[in-house]
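Working through the structure, step by step
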Amino acid sequence: MPVTGLDSFLERIENTWPKLSIKCLDDLRRFIENSNCGKIEVFKFKHPALGCALHDGVSFNENIFDHPSSSALSKRVPFAFFLFVVFHEIIHQYQFKKYSAEKMYSYYIDDIDVSTAAREIKRLEMVADRGAERKIKEYIQRGWLPPGSDQKGHYRNAPEKAFEGLIHQIKNLIKSESHLRDYKNVVGISELFYDMIRANPIK
Ligand SMILES: [Zn+2]
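Residues numbered from 1 in each chain as written. Predicted model: local features only at pLDDT ≥ 70, side-chain atom pairs only at ≥ 80, totals over all residues.

**Some points on the overall build of the protein**
To be explicit about the condition: Secondary structure is summarised from DSSP: a helix means a run of H or I of at least four residues, a strand means a run of E of at least two, and numbering begins at the N terminus for each. Throughout, radius of gyration means the C-alpha value; the globule benchmark is 2.2 Å times the number of residues raised to the power 0.38. Once C-beta atoms are placed from the backbone, each residue is buried if 20 or more other C-beta atoms lie within 10 Å of its own, exposed if 12 or fewer, and partly exposed for counts between those two. Throughout, a pair of residues is in contact if the C-beta atoms placed from their backbones lie within 7 Å.
Each helix and strand counted, the protein has seven helices and three strands in total. Expected size for 203 residues packed as a compact globule is a radius of gyration near 17 Å; at 17 Å, the protein falls within 12% of this value. Overall, the protein is about 50 × 35 × 35 Å in size when its C-alpha atoms are taken along their principal axes. Every one of the 203 residues in the protein was classed for burial, and the buried ones make up 27%. If you take every contact in the protein between residues at least 6 apart in sequence, the share linking residues at least 24 apart comes to 62%.

**A few points about the environment of N172**
Structurally, N172 can be placed in helix α6 (residues 160–176). Overall, N172 belongs to the exposed group, with 10 C-beta atoms counted inside 10 Å. For the pair N172 and M126, spaced 46 residues apart in sequence, the C-alpha separation works out to 26 Å.

**Topic: the confidence of the model for the protein**
Regions with low pLDDT carry predicted coordinates that are not meant to be interpreted in detail. Rules: Summary of the metric used: pLDDT quantifies the predictor's per-residue confidence within the range 0 to 100.
When pLDDT is averaged along the protein, the result is 91; 92% of the residues meet or exceed 70. Below a pLDDT of 50 lies the segment residues 68–75, which in the model reaches four contacts outside its immediate sequence neighbourhood of four places, other chains included.

**What about the sheet that holds strand β3 (residues 57–61)?**
Keep this limit in mind: Paired strands, as defined in this entry, are two strands with at least two bridges between them according to DSSP. Think of each axis as a best-fit line through the C-alpha atoms, taken over the contacting stretch in the case of a helix, with angles from 0 to 180 degrees between the N-to-C directions.
Strand order in the open sheet formed by three strands is β1-β3-β2, and the pairing between neighbours is mixed. Each of the sheet's edge strands pairs with one partner strand only, and the pair in question is β1 (40–43) and β2 (51–54). On average, each strand axis in the sheet is inclined to that of its neighbour by 15°, with strand direction left out of account. Relative to β3, β2 runs antiparallel, the two being bridged by four bridges.

**Thoughts on the packing of helix α3 (residues 79–99) against helix α5 (residues 114–141)**
Pairs of packed helices are described in terms of their axes, by the angle between the two and the distance that separates them. Where we set the bar: Here roughly perpendicular refers to angles of 65 to 115 degrees, roughly parallel to angles under 35, roughly antiparallel to angles over 145, and oblique to all remaining angles. Helix crossings fall into two classes, left-handed where the near helix is turned counterclockwise from the far one by less than a right angle and right-handed where it is turned clockwise.
Where α3 meets α5, the closest approach of the two axes is 8 Å, and the angle between their N-to-C directions is 130°. Taken together, the axes of α3 and α5 lie oblique to each other. In this structure, the crossing between α3 and α5 has a hand that is right-handed. Across from A80, L83, F84, F87, H88, I91, H92 and Q95 in α3, the residues of α5 making contact are L124, A128, D129, G131, A132, K135, I136 and Y139.

**As for unusual backbone geometry**
In the Ramachandran plot, N36 falls in the positive-phi region, its phi being about 75° despite a non-glycine side chain. Residue position: N36 is located in the loop between α2 (22–33) and β1. Using a count of 17 C-beta atoms within 10 Å as the deciding quantity, one classes N36 as partly exposed. One non-glycine residue, S100, lies in positive phi territory at about 85°. Mapped onto the secondary structure, S100 falls in the loop between α3 and α4 (101–109).

**So, the nonpolar core**
Threshold: Each nonpolar core consists of buried Ala, Val, Leu, Ile, Met, Phe, Trp, Tyr and Cys residues. Their C-beta atoms, within 7 Å, join them into a set.
One finds V58, L83, F87 and I90 to be the most contacted residues of the largest nonpolar core, which totals 40 residues. With 10 residues, the single largest contributor to this core is α3.

**Brief notes about α4**
It helps to recall that an α-helix has 3.6 residues per turn; residues three or four apart then point in one direction. Condition: Read the arc as the range of directions from the helix axis to the C-beta atoms.
Those residues of α4 that sit buried are M104, Y105, Y107 and Y108. End-on, the buried residues of α4 take up no more than an arc of 130°, which puts them together on one face. Looking at the packing, one finds that the buried side of α4 touches α3, α5, α6 and α7 (186–197).

In structure tokens, the structure reads:
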């Protein structure tokens, strides 16, 4: 299945880090294609997140290509950090493939106890972090990243209360927007998330 936007995404990576090996780029392509990711988009988020994985694809915040933390010398975001963000979001696509969109969104839609749902969402985030950490290690071993480029995700330290807050926020949105349409389904919930990150929501 072709991934919409993948070619231009890889092209942009190549232009940003021109010394990248072709083998590395090929591996990245395969990793994304095998995840069942439907599309890849890059745009400026109004939300501070760096990426957002939904059932039909991944959106990345424009600033992953030019992060403010990037060194003044290169004026570019370190490649390892960039890759970590990409791996993390693509691993969410593997989770959608493994568990189904219905299951992945059920924590926001269904009558699941909020603290249980928060624990599950945190677990999914930690799995994505750990998978991305391993993938970075693999790239270091293959010589595609310099030694010492290891990345560490932050979700293991995230309080479950933060996830509970997000669940409440989404549930309230579903309620307050319910006069517009029924958001309690895969397409509806995905639209709510998309609107949250999008700079100019399309209504
Ligand atoms: Zn995540």
